[in-house]
Amino acid sequence: MEGHPNIDTDNINNPHDNYKDIIVTPWEVLGDLEEKTYIKLIEKFGTQALSEELIEKFKKLTGEIHPLIKSQYFFSHRDFDWLLTKYENGDPFYLYTGRGPSGSVHLGHLLPWLFTKYLQDKFGSKLLFQLTDDEKFLYNLGATRETISKYTSENILDIIAIGFKPNLTKIIIDTKHINHLYPIAMEIAKKITFSTAKAVFGFTNTTNIGMIGFPPIQAAPCFLPSIIENKPTPVLIPAAIDQDPYWRITRDIAAKLGFYKPAQIHSKFLPSLSRGISKMSSSKPETAIFTTDEPEIVEKKVLSSFTGGQATVSLQKKLGANADICPVYGYLKYFFDNEKESVERYIRCKSGNLLCGECKSDLANNTRTFIIEFKRKREKAKDKVKDFMFD
Ligand code: TRP
């Protein structure tokens, strides 16, 4: 975030914050994404870890433990237990998630969406999917409305390709469907002071006022289901944990407006393919695998990825490698390996019995197959866009 006039993370000045070294805002994630960082994030943000009991409760309803829960890709929540109890007592919930259309969609984006689809299938939930084209236009200094609009249309194809049910899913584009959001956004905005927004988001005197006014627009879909259904309706937001600041302010004012607090289930970030860049990022194309990449490009990116390996083969055989910091291992674990395969890979890696070339080639093969299939679905999505639009 160096030098970005919209956000100054030093401004997120919670005096009780013991974790000032971890910078996670909705617009930037800095720092090492190790296990212990995520544990600290739970404390920093005041969320709850997904406990064994809660996972059991979830399992009772779904019949199994989803791989992204098992692998702890989803690791934290707010009120997920409350939401499941509501469901058990006959109160269905909406799902709400979204995408900031600032570039092409990469594999990291797909994991929370695939999990959202799973929840929709299991619970028969209606889904609101928001595209914050306003947010991305306002935040990215170089963005024009044309480029953001192009990515909005492109990204919608990725969303539809996930396989959400058209009869249960509505895509909201902020600039297009603002008439539905604005009345609620106004109610929300009136209850949030600039001082709160500064402390939560890091806004400063040089932040453009569009950004300052934006958060209620992302909060609005949390309450829209209650308006559509004409009764208080529980909402679950599956999203990466960087979006939590939005839900914090939304939860603070929910009761004042007569709504339930939105529940969340938070994911980690998929690591980037290069060292020193913590999460896959559309703004650094060489570090991310896009759903639109050609198979040869996918292969090239994977083969030139940073790994947790040693400098030479003989050192690796002797010392073993470091799967904990290896993006190739991470991708395989969250995307392609089952639990058993992943554990075996980890052990072989640590003990020096597995060389990076083998993991890279496994990842390249899996990713190539996945992308070819995903692209086919993405092509088909072109005829379905109308069915998914909010109105
Ligand atoms: N702000 C999010 C982004 O930049 C987009 C978004 C809007 C979103 N509503 C959401 C993400 C709800 C998760 C859940 O990507």
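If you're wondering where the values come from, they're calculated on a predicted model, not measured in any experiment.

A. Fine view of the site of the ligand. Around the ligand sit 14 residues, and of these Tyr96, Gln130, Glu135, Gln218 and Gln243 come closest. Between the ligand and glutamine 130 there is a distance of 3.0 Å, counted from a nitrogen atom to a side-chain nitrogen or oxygen. Contact distances for the ligand include 2.8 Å between a nitrogen atom and a side-chain N or O atom of glutamine 218. Here the ligand, which alone exposes 360 Å², has 92% of that area covered by the protein.

B. A look at helix H5 (residues 107-123). In a regular helix each residue adds 1.5 Å, so 17 residues correspond to 24 Å; H5 covers 25 Å between its end C-alpha atoms and thus fits that length. In terms of residue burial, H5 counts as a mostly covered element, since 13 of its 17 residues are buried. Remark: glycine 124 follows H5 within two positions and exhibits a positive phi of approximately 60 degrees.

C. Structural detail: the pattern of salt bridges. Within the structure shown, the criterion is met by 21 salt bridges. Taking the shortest distance from any N to any O, the salt bridge between arginine 368 and glutamate 299 comes out at 2.7 Å. Here arginine 368 is found in helix H17 (residues 356-381), whereas its partner glutamate 299 is found in helix H13 (residues 295-303), with 69 residues between them in sequence.

D. Layout of the side chain of histidine 66. Along the chain, histidine 66 falls in the loop between helix H2 (52-62) and helix H3 (67-70). Contacts of histidine 66, omitting those with residues within four sequence positions, involve Phe115 and Tyr118.

E. Representation of the sheet that holds strand S7 (residues 169-173) in the model. Within the open sheet, the seven strands sit side by side as S3-S4-S9-S8-S5-S6-S7. Their pairing is mixed. Sheet topology places strand S3 (48-49) and S7 at the edges, where each strand pairs with a single neighbour. Contacting strand S4 (74-78), strand S5 (94-99), strand S6 (127-131), S7, strand S8 (235-240) and strand S9 (263-267), H5 crosses the sheet at an angle of about 160 degrees to S5.

F. Quick peek at unusual backbone geometry. The phi dihedral of glutamine 72 is positive, around 60 degrees, even though this residue is not glycine. Counting through the fold element by element, glutamine 72 comes out in the loop between H3 and S4. Not every positive phi belongs to a glycine, and asparagine 230 is a case in point at roughly 60 degrees. By the secondary structure assignment, asparagine 230 is in the loop between helix H11 (215-229) and S8.

G. How the structure looks around the pairing of S7. Burial of S7 is extensive: four of the five residues sit out of reach of the surface. Sheet analysis places S6 next to S7, joined by five bridges and oriented parallel. Residue leucine 131 lies in a different strand from S7, and its bridge partner there is isoleucine 173.

H. Representation of the environment of aspartate 337 in the model. With respect to the helices and strands, aspartate 337 occurs in the loop between helix H15 (327-336) and helix H16 (339-350). Residue class for aspartate 337 comes out buried when judged on its relative accessible area of 12%. Residues aspartate 337 and phenylalanine 93 lie 244 residues apart in sequence; the distance between their C-alpha atoms is 31 Å. Not counting the four nearest positions on each side in its chain, aspartate 337 is found in contact with Leu332, Ser342 and Arg345. In this structure the side chain of aspartate 337 is engaged in a polar contact, spanning 2.7 Å, whose partner is the side chain of arginine 345.

I. Region of the structure containing the pairing of S8. Of all six residues that make up S8, six are buried, and the element is covered over most of its length. Side chains of S8 alternate between two faces, with Val235, Ile237 and Ala239 and Leu236, Pro238 and Ala240 buried alike. Direction of pairing for S5 relative to S8: parallel, over a ladder of two bridges. Note on S8: the bridge partner recorded for leucine 95 is leucine 236. The pairing of S8 with S9 spans five bridges and is classified as parallel. Of the residues in S9, the one forming a bridge with leucine 236 is alanine 263. Crossover handedness for the path S8 to helix H12 (residues 244-254) to S9: right-handed.

J. Summary view of the nonpolar core. If you look at the biggest cluster of nonpolar residues, it comprises 61 residues, and the most contacted ones within it are Phe58, Phe80, Phe115, Ile171 and Leu236. At eight residues, the largest contribution of residues to this core is made by H5. Here this core gathers at least three residues from each of two domains, domain 1 (9-273) and domain 2 (293-381). Excluding residues within four positions of it along the chain, phenylalanine 80 makes contact with Leu50, Leu54, Phe58, Leu236, Ala263, Gln264 and Ile265.

K. Broad picture of the packing of aromatic side chains. In the structure shown here, the tally under the stated rule is 30 aromatic pairs. Between tryptophan 27 and phenylalanine 203 the ring centres are 5.9 Å apart and the planes differ by 40 degrees, which places this aromatic pair in the tilted class. Taken together, the residues span a long stretch of sequence, with tryptophan 27 in the loop between strand S1 (23-25) and strand S2 (28-30) and phenylalanine 203 in the loop between helix H9 (194-201) and helix H10 (209-213) at a distance of 176 residues. Residue classification places tryptophan 27 among the buried positions, given a relative accessible area of 9%. When the ring of tryptophan 27 is compared with that of tyrosine 246, the centres are 6.2 Å apart and the planes differ by 80 degrees; the resulting orientation is edge-to-face. With a gap of 219 residues between them, tryptophan 27 in the loop between S1 and S2 and tyrosine 246 in helix H12 connect regions that are remote in the sequence. For tyrosine 246, a relative accessible area of 0% puts it in the buried group. Of the aromatic side chains, those joined through ring pairs into one cluster are Phe58, Tyr73, Phe74, Phe80, Tyr87, Phe93, Phe115, Tyr118, Phe123 and Tyr334. A cation over a ring is seen here: arginine 248 above phenylalanine 45, with NZ or CZ 4.6 Å from the ring centre.

Cut-off values and rules
Residues numbered from 1 in each chain as written. Predicted model: local features only at pLDDT ≥ 70, side-chain atom pairs only at ≥ 80, totals over all residues. Heavy atoms only, no water. Near = heavy atom within 4 Å. Polar contact = N/O pair within 3.5 Å; in protein donor to acceptor, adjacent residues only side chain to side chain. Areas by Shrake-Rupley, 256 points an atom, 1.4 Å probe, with all protein chains shown as cover. Helix = DSSP H or I, 4+ residues; strand = E, 2+ residues; numbered from the N terminus. Expected span 1.5 Å × (residues − 1). Buried < 20%, exposed > 50% of the residue type's maximum accessible area, 1.4 Å probe, protein only. Salt bridge = Lys/Arg side-chain N within 4 Å of Asp/Glu carboxyl O. Contact = heavy atoms within 4.5 Å. Pairing = 2+ DSSP bridges. Axes fitted to C-alpha atoms, helices over the stretch in contact; angles between N-to-C directions. Right-handed = clockwise from strand over helix to strand, strands pointing away. Core = buried A, V, L, I, M, F, W, Y, C linked by side-chain atoms within 4.5 Å. Domains from an automatic or database assignment. Phe/Tyr/Trp six-rings, centres within 6.5 Å; stacked < 30°, edge-to-face > 60°. Lys NZ or Arg CZ within 6 Å of the ring centre and 35° of its normal.

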